[in-house]
Amino acid sequence: MFDIVALGELLIDFTDGGYSQSGMKLFERNAGGAPCNMLTAATRMGRSTAFIGKVGNDMHGQFLRQVIESEGICTKGLVMDSNVFTTLAFVALDARGEREFSFARKPGADICLKSDEVSRELLQNCKVFHFGSLSLTNEPTRTASFVAVNTAKEAGAVISYDPNYREKLWPDQESARFHMQSVLQYVDMIKVSDEELEIVTGEQSLENACAFLHSKGVTCVAITLGKKGAYVSLNEKGGGFSDSVELGKTIDKTGAGDAFWGAFISYFIKEGKSLVQLSIADVIRYADQANIVAALSISKRGGIPSMPYLKEVEHILQHQEKESNYESQ
């Protein structure tokens, strides 16, 4: 029984790495893809994880397999396909760590995963099943995602969803919204950024967006707000804010939301409460700790490489506790 099984894209982030001596742009090869970023964060928090997806049987695919195996992520559900190329993303960074993406994905291996290649064994033996919206952009992986969600749901897993919007991978916003919303009826827990909120829900305010998602059957909503922290909401139990944490210079925001969600789900699993047992105090506490994980991640480059380890998080928590005790004296 795995704590978390995730399905989706495992890809190369060629991250902006400055310039060569001749003035040419350099890109650093980093392992990435939102689902595996999230799994890496959870694994480094002490959770057992497994991945379902497809990469090319090429130099990049072999590198990615080695990376996630070295992280302790089970690769039993990873398909190596010699007929397609590993998906590539080129990431330009500005001085604030904000990103601009360009994808080599026409098609990339991640959208070529077929339903009969999805590991039922993994899906039937996990506490939480996680997936993102990039798996919904194209066939056959769109159908494979629905098969995976249904299989995990029937087996009793909690369904986690990240509507990770990348404009260039959709024909238009209307199509993106339709497909992003098409899975909400199966979802128990969702993480969405403030930038994606209106695209996903059609609503601008946090409260209205949460009400929309709850009306679709989602129990727990977490909205990441960047420097403003996060807003969390439980169906019929209200919502509340979690403050952000600043831990140094922002280098690269790639994977910050994945770091947050990997930690959030990890704390949820660690406490062992069911969805109906959760209180607002619980989810705010998860978000408080997840904000630390996200803050640590943006101080490093790349997706998977930037995910922090538990000992780093515990060090920050201990420091916060000492400061709190000092202020209360």
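Look up a bit, the structure's there.
Residues numbered from 1 in each chain as written. Predicted model: local features only at pLDDT ≥ 70, side-chain atom pairs only at ≥ 80, totals over all residues. Heavy atoms only, no water.

**Let's talk about helix α2 (residues 59-70)**
Basically, it comes down to this: Secondary structure elements are taken from DSSP: a helix is a run of H or I of four residues or more, a strand is a run of E of two residues or more, and numbering for both begins at the N terminus. In this scheme, a helix's expected span is set at 1.5 Å multiplied by one less than its residue total. Under the scheme applied here, a residue whose accessible area is under 20% of the maximum for its type counts as buried, over 50% as exposed, and between as partly exposed, the area being computed with a 1.4 Å probe on protein chains only. Throughout, the arc means the angular range of directions from the helix axis out to the C-beta atoms. Throughout, a contact is declared for two residues whenever any of their heavy atoms are within 4.5 Å.
When the terminal C-alpha atoms of α2 are compared, their 17 Å separation across 12 residues agrees well with the 16 Å that a helix rising 1.5 Å per residue should span. Among all positions in α2, only His60, Gly61, Phe63, Leu64, Val67 and Ile68 are buried. Each buried residue of α2 sits inside an arc of 160° when the element is viewed along its axis, so together they form one side. Set apart from the buried face of α2 by more than 90 degrees, the exposed residues are Met59, Gln66 and Ser70. Check the buried side of α2 and you find it contacts β2 (11-19), β3 (25-32), α1 (34-44), β4 (49-56), β5 (74-81) and β6 (88-93). Just downstream of α2 lies glycine 72, where phi reads positive at about 90°.

**Re the packing of α1 against helix α8 (residues 256-271)**
Keep this limit in mind: Each axis is a line fitted through C-alpha atoms, and for a helix only the stretch in contact is used; angles between axes span 0 to 180 degrees, taken between their N-to-C directions. Angle categories: roughly parallel below 35 degrees, roughly antiparallel above 145, roughly perpendicular from 65 to 115, and oblique for all the rest. The sense of a crossing depends on the near helix, which, turned anticlockwise from the far helix by less than a right angle, makes the crossing left-handed and, turned clockwise, makes it right-handed. Here the term charged refers only to Asp, Glu, Lys and Arg, the term nonpolar to Ala, Val, Leu, Ile, Met, Phe, Trp, Tyr, Cys and Pro, and the term polar to all other amino acids, Gly among them.
Two elements in contact, α1 and α8, have axes separated by 7 Å at closest approach and are oriented at 50°. Here α8 runs oblique to α1, going by the angle between their axes. α8 is crossed by α1, and the crossing has right-handed handedness. Touching Ala34, Asn37, Met38, Ala41 and Ala42 of α1 are Asp258, Ala259, Trp261, Gly262, Ile265 and Ser266, all from α8. Among the residues making up the contact of α1 with α8, the classes are represented as 7 nonpolar, 3 polar and 1 charged.

**Thoughts on the pattern of salt bridges**
The cut-off we apply is this: For salt bridges, the criterion is a side-chain nitrogen of Lys or Arg within 4 Å of an Asp or Glu carboxyl oxygen.
Considering all chains together, one arrives at 16 salt bridges under this definition. Here glutamate 28 and arginine 301 are joined by a salt bridge, their closest N and O atoms 3.4 Å apart. One end of the pair, glutamate 28, is in strand β3; the other, arginine 301, is in the loop between α9 (280-297) and α10 (310-328), and 273 residues separate them in sequence. Take glutamate 28: its relative accessible area is 34%, and that puts it in the partly exposed class. By relative accessible area, which is 28% here, arginine 301 ends up partly exposed. For arginine 44, the salt bridge goes to glutamate 71, with nearest N and O atoms at 2.5 Å. Here the residue arginine 44 occupies a position in helix α1, and glutamate 71 occupies one in the loop between α2 and β5, the gap between them amounting to 27 residues. Taken as a pair, arginine 44 and glutamate 71 share a single burial class, namely buried.

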